[in-house]
Structure formats: C-alpha cells, structure tokens
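# What the coordinates show
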Amino acid sequence: MDSFDEGLRCQDVNAGLRNIDQSSAILGNLAETQRVGMSAGVAALIRGRDVIEDAQNLQAIAADQLDVNAFAFNSVIETLEEAGLIADVRRSGRKVVSFTENVPYYSDLYGRLGASWRNAGPTELEQQVVMLVDRLARSPVEQNQVVKELGLDSSEFPEILEVSERSNLIKSIDLGGDKVLYSPFLGFEKPQLIADVIRAHGSDELANAFETVRGEQGLPVSIAGPVIEDAVARGLLMAPSVELPTGKFEAFATLPYTIDQQMLRNEKPVMEKALAVIACLRTGQHFGGFSSLSRSALVAAIDKLLAVGSLNPHSSSERQYRLLNRVGVIQLAPDVVSWGTWRVPTLIDTEDNRAALILAKELLTYGESVSSRMPNQSEIGQLLDNSDPYGAPMKTVARYRDKQRMNDKKWQKAIDTLMGHASA
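## A few points about the overall build of the chain
Counting secondary structure elements, the chain contains 22 helices and 11 strands. Counting every position in the chain, which comprises 424 residues, the buried fraction comes to 59%. Contacts in the chain between residues far apart in sequence, at least 24 positions, make up 70% of those at least 6 positions apart.

As structure tokens, then:
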C-alpha cells in the first residue's frame, strides 16, 4: 500500500472503531491508526477555514461529531502540525488556543498522514487491519483466500477478524461454504456497482428496493421498508441519520452515483457532506414539523445557500440542520431579530462545502423518479419506531446491525457476482 491508501484507510478504520466502546482494551493496539484517522477527520472538517480562532470550540465539535475525546485532541493537533497541515499554533499552557490551517487537496492530505502513520511504527495488528479493509473495499473475498492473498498471520487472524467485525469494518456472509468477507466501504466507494449488480443478479425484491433508493436519494429508511433497512445494516447502502421533531432519529438511504468517481474515494469527506445535506433537507420534506419542504423546495434551499449564504430560520432550524453544523457545512448564527431565539443556517463558505452542495443538488435533481411509491403521511407516522441516534453512515451501519431480517441466500447471487464468480 502507498502512503495515500494508508492515510485514507486510517480514516476509514477509525470511523469503524468509533463503534467500539472506547474503554475497550483492544483499542490499545490500534492507537496510531486512531490518532491518524482522527487527524484526517479534523483536517477535513477545517479545510478551507483559514484561521481557527477558537480551538476549544473546535475541540467540542470534534468530540461531538468525530469522537475525538479531550485527551486525544492535543495529539491530533500535534500530528497535523508535524505534517504541515496547520501552522502558527498558539497555546496557553497545554491548551490549544488558535491556529491557521494549510490543509491541501485530499491527495496530499492522505499521503502526508499515511507517512505519519508509517513513521510512527504501527503494530502488526493495525497494519493487518488497514490492509484487510483496503482489500475488501475492492470486492468480497472468501476468508481463507484473503489470508493467503495478503499474507496475513493466520494465528493472529481471529483477533483481526474480531476487532474488524465488532467495529463493522468487515461484514460476513455465509454462502454455504467458506465465510465470505466484505467491507461496507465497498458500498461507500462503488455504489453504482452495487446497484447494478443487485439489479442484474439479485432477487426481484432486492432489485426493486435498490431501484427505489436509486430513484430517490435520501429515502427515509423507516419508509423504504425492511429490505432497505437490511441493506443499511449490511453496509451496502449509506444512510446518515438526523433527529426528527419527535426526538427520534431517522436514517436516510442513498446510492450516490456521480460522474466523478474520485469523489467517492479520494474526496470522501465532500461526498459525506453532500449526503448530510440531502438527509437534513429530506427531514424537512418528510418530517418537517413547523416547516415542511416541498420537493422543489429542496433544490431551492441549496440554491439559496449557494447564492445568498443563509436560509430563513424557523423554530426547528437548530434541530433539522444540526448534522450540517456538525460536519462543518453551516454555522447556526444568531437570530437576525434582536429579540428572536431562532438560529439562522448560514453557509461556511469553503470550496469543499460548495462542492458538497452542488453534488447534493445533482443527486436530488437526477434521482427523482419514484414519487408514486411513497406512502402518505399517516402511514409515515406508524413507521417511526426506531430510536437510533444521529450519526455518520458507518455509525448507522452499527446501529442497524441487530435489525437484519433477510437471510444470506437472498444476497448470494449478487455477492457471488461481486466476487467475480459470475459475469456482472
């Protein structure tokens, strides 16, 4: 693996490790990967911000959104500083006060952080986990085959598999013989391939479900039905989650196909921001409470953010757009009325955030063809029975893990095809 892939996979592995109890002893052997993965997440969060004047506020956001705890924050800042990604760090005692950001394009970012990880001497366990996730992100592989192919230590493989499965970095499926392993990053990085294979080689039930999501990006999982819920649990569909007016949480399934395939891998943070935009707007469309957005209003909201830089506030703005605030797309500015208490969704005007908004607009615009399949509002209310907290796609995979309903045979033909056992 080159430095770019190692840096990218450190971020991915850390995203999965966030699903494990952070007091777990097994994380002690994955400390360097976590450090570099957290650094990549913070770098993506601040890219384009130029000056971070309140590092303590950033620390709070990083803890909330990226699970970068207070004890790790200084180490993350030191990593970014040593990699030349930030400069002019001002400290008060051990507390980081402010700094300037120099985060380059993602190809440079991941390369520099990959070198930092390699230079730190990662343990055998973390080297093998990173290598395994990278391999499985390309295609499913039989368990015995991947051990030989990557030259993994067979005596340590049970531990590698345990930590990878517990963190949802690796999923398995029993096809009647050897266990087949795959990574949810296969679905994240090649959604078009997944959709095409399911449509061509899956059951009618699977094909119809995937076609529904493909036609309407950001489809609420509770409305989409058990097949989609199962696909999210298996990590084959991305689904960021947003809090609803009821206080419960809803995941929004997506199959983001884009002309620029590099965005799905090399610019993953931009793609994840775009999915957050869709999820927040779909919340306003389907579960709006005070402000129910029409279908056409979704794109209009994006156009307004791009042109004007803010949206009209309402009593639910803070809840509805909290995810966008957490991923650094908007800030929740004070009410423009002196006596008001509403928060104004205001674009943080960076190159990445504009790219994310444009991508979200494209997905919404070209993914609308199945409006007749949506149930009415009374049916929606009966379907709101989950209580999953909001989070990024990898965390949603973990939260839906216990809700799988379909058996592996339903997926067998499609997974076989992804493995190259049949013509796709």
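From this point, the narrative continues.
## What to know about the sheet that holds strand 8 (residues 241-243)
Reading across from one edge, 7-9-8 is the order of the three strands in this open sheet, with antiparallel pairing throughout. At either margin of the open sheet sits one strand with a lone partner, and together these are strand 7 (219-220) and strand 8. Summarising the sheet, strand 7 and strand 9 (residues 249-253) pair through two bridges and their orientation is antiparallel. Paired with Leu219 across the strands is Ala253, a residue of strand 9.

## Some thoughts on the environment of Ser116
The residue Ser116 is located in helix 5 (residues 106-119) in this model. Sequence separation of Ser116 and Ser3 is 113 residues, and the distance between their C-alpha atoms is 8.8 Å. If sequence neighbours within four positions are ignored, Ser116 has contacts with Arg35, Val36 and Thr79.

## Observations regarding the sheet that holds strand 5 (residues 171-174)
Read from one edge to the other, the open sheet built from three strands follows the order 4-6-5, with strand pairing classed as antiparallel. The open sheet has two edge strands, strand 4 (141-142) and strand 5, and neither has a second partner. Inspection of the sheet shows strand 4 paired to strand 6 (residues 179-182) by two bridges, in the antiparallel sense. Along strand 6, the bridge assignment pairs Glu142 with Val180.

## Focus: the packing of aromatic side chains
Under the definition given, this model contains four aromatic pairs. Residues Phe4 and Tyr110 carry aromatic rings whose centres are separated by 5.5 Å and whose planes lie at 90° to one another, so their mutual orientation is edge-to-face. Of this pair, Phe4 sits in helix 1 (residues 3-17) while Tyr110 sits in helix 5, and the two are 106 residues apart along the sequence. Judged by relative accessible area, which is 14%, Phe4 ranks as buried. Under the relative-accessibility criterion, Tyr110 is labelled buried at 0%. Pairing Phe252 with Phe287 gives two aromatic rings, centres 6.3 Å apart and planes at 70°, and the pair type is edge-to-face. Residue Phe252 is located in strand 9, and its partner Phe287 is located in the loop between helix 15 (268-286) and helix 16 (295-307); the two are separated by 35 residues in the primary sequence. Overall, Phe252 belongs to the buried group, its relative accessible area being 1%. Exposure remark for Phe287: the relative accessible area of 7% places this residue in the buried category. The rings of Phe4, Tyr106 and Tyr110 are connected pair by pair, giving a single aromatic cluster.

## Considering the packing of helix 6 (residues 124-136) against helix 7 (residues 143-150)
At their nearest, the axes of helix 6 and helix 7 sit 11 Å apart, and the two run at 120° to each other. Of the possible angle classes, the one that applies to helix 6 and helix 7 is oblique. Here helix 6 runs over helix 7; the crossing is right-handed. Contacts from Met131, Leu132, Arg135 and Leu136 of helix 6 reach helix 7 at Val146, Glu149 and Leu150.

## Description of unusual backbone geometry
Peptide bonds are, in most cases, trans, and in most cases residues other than glycine have a negative phi. Phi at Asp67 is positive, roughly 55°, even though this residue is not glycine. With respect to the element layout, Asp67 can be found in the loop between helix 3 (55-66) and helix 4 (70-82). Phi at Asp88 takes a positive value of approximately 55°, unusual for a residue other than glycine. Tracing the backbone through its elements, the reader meets Asp88 in strand 2 (residues 86-92). We classify Asp88 as exposed; its relative accessible area is 61%.

## Observations concerning the side chain of Gln217
By the secondary structure assignment, Gln217 is in the loop between helix 11 (204-215) and strand 7. Within polar-contact distance, the side chain of Gln217 engages the backbone oxygen of Arg214 at 3.3 Å. Among the polar contacts made by the side chain of Gln217, one reaches the main-chain amide nitrogen of Leu255 at a distance of 2.8 Å.

## Notes on the pattern of salt bridges
Within this structure, the stated rule accounts for 20 salt bridges. For the salt bridge of Asp196 with Arg214, the shortest nitrogen-to-oxygen distance reads 3.0 Å. One end of the pair, Asp196, is in helix 10 (residues 191-201); the other, Arg214, is in helix 11, with 18 residues separating them in the sequence. Owing to a relative accessible area of 17%, Arg214 belongs among the buried residues under this scheme. The residue Asp230 makes a salt bridge to Arg234 at a minimum N-O spacing of 2.7 Å. Each of the two residues, Asp230 as well as Arg234, counts as buried. Through salt bridges that share partners, Arg9, Asp12, Asp134, Glu189 and Lys268 make up one connected network.

## Details of the packing of helix 16 against helix 19 (residues 351-366)
Angle between the axes and distance between the axes: these two values describe a pair of packed helices. Contact pair helix 16 / helix 19: the axes reach a minimum separation of 10 Å and the direction vectors enclose 160°. Considering their axes alone, helix 16 and helix 19 lie roughly antiparallel with respect to each other. Relative to helix 19, helix 16 is oriented so that their crossing is left-handed. In this structure, helix 16 uses Leu298, Val299, Ile302, Asp303, Leu305 and Leu306 to contact helix 19, whose residues at the interface are Arg354, Leu357, Ile358, Ala360, Lys361, Leu364 and Thr365. When the residues that make up the contact of helix 16 with helix 19 are grouped by side-chain class, the tally is nine nonpolar, one polar and three charged.

Calculation notes
Residues numbered from 1 in each chain as written. Predicted model: local features only at pLDDT ≥ 70, side-chain atom pairs only at ≥ 80, totals over all residues. Heavy atoms only, no water. Helix = DSSP H or I, 4+ residues; strand = E, 2+ residues; numbered from the N terminus. Buried < 20%, exposed > 50% of the residue type's maximum accessible area, 1.4 Å probe, protein only. Contact = heavy atoms within 4.5 Å. Pairing = 2+ DSSP bridges. Phe/Tyr/Trp six-rings, centres within 6.5 Å; stacked < 30°, edge-to-face > 60°. Axes fitted to C-alpha atoms, helices over the stretch in contact; angles between N-to-C directions. Parallel < 35°, antiparallel > 145°, perpendicular 65-115°, else oblique. Left-handed = near helix turned anticlockwise from the far one by under 90°. Polar contact = N/O pair within 3.5 Å; in protein donor to acceptor, adjacent residues only side chain to side chain. Salt bridge = Lys/Arg side-chain N within 4 Å of Asp/Glu carboxyl O. Nonpolar A, V, L, I, M, F, W, Y, C, P; charged D, E, K, R; others polar.

Shape is all these values report; function is a separate question.
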